[in-house]
Structure formats: C-alpha cells, structure tokens
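What follows is each chain in one-letter form.
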Amino acid sequence: MQDRPTFDELLGAVENFLDTEIVPNVPGARGFHGRVAANAIRIVRRELEREDEALAAEWAGLDALMVAETPPMGRKALREALRERNEALSARIRGGEADDGEFAQKAAQHVRNIVREKLRTTDPELLLRSNEGGH
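The present account deals with the structure reproduced in this document. (Residues numbered from 1 in each chain as written. Predicted model: local features only at pLDDT ≥ 70, side-chain atom pairs only at ≥ 80, totals over all residues. Heavy atoms only, no water.)

### A closer look at the nonpolar core
Here is step 1: Counting 13 residues, the largest nonpolar core has Leu-65, Leu-82, Leu-89 and Phe-103 as its most contacted members.
Here is step 2: Elements with a minimum of two residues in this core: α2 (28–65), α3 (75–94) and α4 (101–122).
Here is step 3: Filtering out sequence-adjacent residues up to four positions away, Phe-103 remains in contact with Leu-65, Leu-89, Arg-92, Glu-97 and Ala-98. (Core = buried A, V, L, I, M, F, W, Y, C linked by side-chain atoms within 4.5 Å. Buried < 20%, exposed > 50% of the residue type's maximum accessible area, 1.4 Å probe, protein only. Helix = DSSP H or I, 4+ residues; strand = E, 2+ residues; numbered from the N terminus. Contact = heavy atoms within 4.5 Å.)

### Considering the packing of aromatic side chains
Here is step 1: Under the definition given, this model contains zero aromatic pairs.
Here is step 2: Lying over the aromatic face of Trp-59, Arg-85 brings its terminal NZ or CZ to 4.3 Å of the ring centre. (Phe/Tyr/Trp six-rings, centres within 6.5 Å; stacked < 30°, edge-to-face > 60°. Lys NZ or Arg CZ within 6 Å of the ring centre and 35° of its normal.)

### Quick look at unusual backbone geometry
Here is step 1: For the bond running from Arg-4 to Pro-5, omega is 0 degrees, close enough to zero to count as cis.
Here is step 2: Relative to the elements of secondary structure, Pro-5 occurs in the segment before α1 (7–22).

### Quick notes on α2
Here is step 1: Compared with the 56 Å implied by 1.5 Å per residue over 38 residues, the 49 Å span of α2 between its first and last C-alpha is markedly short.
Here is step 2: Of all bends in α2, the biggest is about 60 degrees, found at Arg-50. (Expected span 1.5 Å × (residues − 1). Bend = angle between axes of the 7 residues up to and from the residue.)

### Some points on the packing of α2 against α4
Here is step 1: Look at α2 against α4: their axes get within 9 Å of each other, and the N-to-C directions meet at 170 degrees. As far as their axial angle goes, α4 and α2 are roughly antiparallel. In this structure, α2 uses Ile-43, Arg-46, Glu-47, Arg-50, Ala-54, Glu-58, Gly-61, Leu-62 and Leu-65 to contact α4, whose residues at the interface are Phe-103, Lys-106, Ala-107, His-110, Ile-114, Glu-117, Arg-120, Thr-121 and Thr-122.
Here is step 2: Partitioned by chemical class, the residues of the contact of α2 with α4 number seven nonpolar, four polar and seven charged. (Axes fitted to C-alpha atoms, helices over the stretch in contact; angles between N-to-C directions. Parallel < 35°, antiparallel > 145°, perpendicular 65-115°, else oblique. Nonpolar A, V, L, I, M, F, W, Y, C, P; charged D, E, K, R; others polar.)

### Section: a nonpolar patch on the surface
Here is step 1: Where nonpolar side chains cluster on the molecular surface, the patch consists of Phe-7, Val-44 and Leu-48 and spans about 240 Å² of accessible area.
Here is step 2: Its location among the elements puts Leu-48 in helix α2.
Here is step 3: What makes Leu-48 partly exposed here is its relative accessible area of 31%. (Patch = residues over 30% accessible without salt bridge, like charges linked within 9 Å, V, L, I, M, F, W, Y side chains within 5 Å. Areas by Shrake-Rupley, 256 points an atom, 1.4 Å probe, with all protein chains shown as cover. Salt bridge = Lys/Arg side-chain N within 4 Å of Asp/Glu carboxyl O.)

### Considerations on the environment of Arg-4
Here is step 1: As for its placement among the helices and strands, Arg-4 is situated in the segment before α1.
Here is step 2: Taking relative accessible area as the criterion, Arg-4 reaches 67% and is therefore assigned exposed.
Here is step 3: Within polar-contact distance, the side chain of Arg-4 engages the side chain of Glu-9 at 2.6 Å. (Polar contact = N/O pair within 3.5 Å; in protein donor to acceptor, adjacent residues only side chain to side chain.)

### Description of the pattern of salt bridges
Here is step 1: A full pass over the atoms with the stated rule returns 16 salt bridges.
Here is step 2: As a salt-bridge pair, Asp-19 and Arg-42 come within 2.7 Å of each other at their nearest N and O atoms. Remark: Arg-42 occurs in helix α2 and Asp-19 occurs in helix α1; sequence separation between them is 23 residues.
Here is step 3: With relative accessibility at 31%, the residue Asp-19 sits in the partly exposed group.
Here is step 4: Arg-42 gets classed as partly exposed once you look at its relative accessible area, which sits at 24%.
Here is step 5: The shortest N-O distance in the salt bridge between Arg-83 and Glu-87 comes to 2.3 Å.

Quick look at the structure:
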C-alpha cells in the first residue's frame, strides 16, 4: 500500500484540474469530454470509498434471500461470487418464485436496496432528487 499521495488525493487532483482548468477554458466537444472525465473520476472515487461496505451489504441481502454463505476473501473473488449469486437469484425470479408472496417482497426490497446503493455511487444527486419526489 502506498502512503501519500493516496489514490483519493491523486484522483482528486486530476478531478480538480479538469473542473478548474479544462472545462471552463476548453470549448465544444473537448470541454464536454473534460466534464465527462471529471464525472468519471468522481464515480471512481465514490466507488473506491464505498466498495467494501456495498459488497458486504449486497452479500448480506443475498444471504437473507438464499442459503447463507461465507463470503470469499478478496475483492475480486467476492465480486465474482456476487455475480454468481445474483445470476442464481435472477434465475429464481425468471422462474416465477418472485411473482408473489414473502420471497417476492424480500426480493423486491433487496433489488431496491442494491439499486439505491449503486445510485449513491454513480449519481447521488439523482437519488436525492428521487427521494424529494417521494419515490
């Protein structure tokens, strides 16, 4: 692990450069691409900051719906195991298990929770606007 600058400090410096030097001073498509790049950096920073918590919450949600399992060690293995468990859940939903009843309610709540968490990372402003609208 590196000391300083941290990944967040490095990404923050690039984000600041894009926001203060490129976007306001470069017109047209290049300025737009500068805004896109700055936003991508913001998403990466939020994802890195929240990833452990988000992965653990998704795993716990799947444990509540399916047979509880011990999560694998390491982010890469955990992401792969989550992908596999989500495929299994999707198959159950496609198979009609979530059409009604308690499992349907729990599955719908789990999906809402996961989508909300993904929005916290990718577009927290959209999440705030949707909450203001009572959704």
